[in-house]
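For reference, the chains in residue letters:
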Amino acid sequence: RERERKRATVGWYGGKRRRVEFVTATGQWYKATEGLVPVRWVFVHDLDGTHEDRYFYSTDPSLSPSKIVTLYTGRWSVEVTFQEARQHLGLATPRNRARRSVLRTAPCLLGLFTVVSLLYHRQGRARGKTPRPRTYPWYDKTEVTFSDALAAVRRSLWRETVLAEALPHDALKKLPARLTETLLDHLSLAA
């Protein structure tokens with residue numbers, strides 16, 4: 001049977017608000033220890049057309065459809081943080097065997113994520129510029145990602161410490177400026 005479509009403004013990705021159209025109902029889900037348990041589902045259509053239609057679920061059927069959507073989309077930044085930490089810092093790939101090593105790896109890597117983010121923010125403030133994302137001909141981003149921040153912090157570290165101090169006789173200063181910038185760009189992405 002056809003369910004009634006309703007409209008609402010809900011919390012959305014990035015802390016924004018969005019007008020959506022939705023259909024909702026309560027169904028049941030089998031849980032081995034409890035038998036059938038109620039599950040509220042919400043089918044959401046983004047009225048702006050920028051996001052695909054999607055289902056959201058909750059095992060708390062007392063929650064309103066707007067609350068279910070808002071709770072899910074509100075945790076998106078946390079999901080992205082873990083994805084970026086896995087991809088760029090190896091969060092899910094440590095090969096520790098000692099219990100204490102296992103227990104400290106994730107907090108240390110998430111701490112590193114925080115340090116990189118803070119250093120990047122400080123660099124942007126020091127320059128008085130709005131940070132811009134690194135773009136490529138095949139991929140045009142509108143927002144800065146963690147990989148952009150990590151590359152910028154690496155670039156700064158290469159410039160300030162390794163290249164400035166490690167090369168003898170100011171060798172970096174003898175290179176043409178454009179070559180130096182290209183070298184720094186490639187080092188920041190590779191290391």
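This one's a predicted model, so the numbers in the text were calculated from it and none came from an experiment.

How each quantity is defined
- Residues numbered from 1 in each chain as written.
- Predicted model: local features only at pLDDT ≥ 70, side-chain atom pairs only at ≥ 80, totals over all residues.
- Heavy atoms only, no water.
- Axes fitted to C-alpha atoms, helices over the stretch in contact; angles between N-to-C directions.
- Helix = DSSP H or I, 4+ residues; strand = E, 2+ residues; numbered from the N terminus.
- Parallel < 35°, antiparallel > 145°, perpendicular 65-115°, else oblique.
- Contact = heavy atoms within 4.5 Å.
- Pairing = 2+ DSSP bridges.
- Patch = residues over 30% accessible without salt bridge, like charges linked within 9 Å, V, L, I, M, F, W, Y side chains within 5 Å.
- Areas by Shrake-Rupley, 256 points an atom, 1.4 Å probe, with all protein chains shown as cover.
- Salt bridge = Lys/Arg side-chain N within 4 Å of Asp/Glu carboxyl O.
- Buried < 20%, exposed > 50% of the residue type's maximum accessible area, 1.4 Å probe, protein only.
- Phe/Tyr/Trp six-rings, centres within 6.5 Å; stacked < 30°, edge-to-face > 60°.
- Polar contact = N/O pair within 3.5 Å; in protein donor to acceptor, adjacent residues only side chain to side chain.

(A) Local environment of the packing of helix H2 (residues 76–89) against helix H3 (residues 99–127). For the pair H2 and H3, interaxial distance at closest approach is 10 Å and the crossing angle is 100 degrees. Judged on the interaxial angle alone, H3 and H2 are roughly perpendicular. Residues Thr81, Phe82, Glu84, Ala85 and Leu89 of H2 form the contact with H3, whose participating residues are Leu109, Leu110, Leu112 and Phe113.

(B) Here's a closer look at the pairing of strand S3 (residues 35–46). Pairing between strand S2 (residues 17–31) and S3: 12 bridges, direction antiparallel. Looking across to S3, one finds that Gly27 is bridged to Val39. Here S3 pairs with strand S4 (residues 54–58) via five bridges, running antiparallel. Bridge pairing links Val44 to Arg54 in S4.

(C) Representation of a nonpolar patch on the surface in the model. A cluster of nonpolar side chains, namely Leu112, Val115 and Leu119, defines an oily patch on the protein surface of about 220 Å² accessible area. Tracing the backbone through its elements, the reader meets Leu112 in helix H3. Assessed through its relative accessible area of 37%, Leu112 is described here as partly exposed.

(D) How the structure looks around the packing of aromatic side chains. Counting across every chain of the model gives seven aromatic pairs. Ring geometry for Phe113 against Phe146: centres 4.2 Å apart, planes inclined by 20 degrees, an arrangement best described as stacked. Of this pair, Phe113 sits in helix H3 while Phe146 is found in helix H4 (residues 146–166), placing the two residues 33 residues apart along the sequence. Judged by its relative accessible area of 13%, Phe113 falls in the buried class. On the basis of relative accessible area, Phe146 is assigned to the buried category, the value being 7%. The structure contains a cluster of three or more aromatic residues connected by ring pairs, namely Trp41, Phe43, Tyr55 and Tyr57.

(E) Broad picture of the environment of Arg40. Residue placement: Arg40 occurs in strand S3. Of the residues examined, Arg40 reaches a relative accessible area of 16% and is grouped as buried. C-alpha of Arg40 to C-alpha of Phe56: the two residues are 16 residues apart in sequence and 8.3 Å apart in space. Excluding its chain neighbours within four sequence positions, the residues that come into contact with Arg40 are Thr24, Ala25, Thr26, Phe56, Tyr57, Ser58, Pro61, Leu63, Ser64, Pro65 and Ile68. At a separation of 3.1 Å, a polar atom in the side chain of Arg40 contacts the side chain of Thr24. Separated by 3.0 Å, the side chain of Arg40 and the backbone oxygen of Leu63 make a polar contact.

(F) Main features of the environment of Thr142. Tracing the chain through its elements places Thr142 in the loop between H3 and H4. Spatially, the C-alpha atom of Thr142 lies 19 Å from that of Leu189, the residues being 47 residues apart in sequence.

Take it as geometry only, folks, not as evidence of what the structure does.
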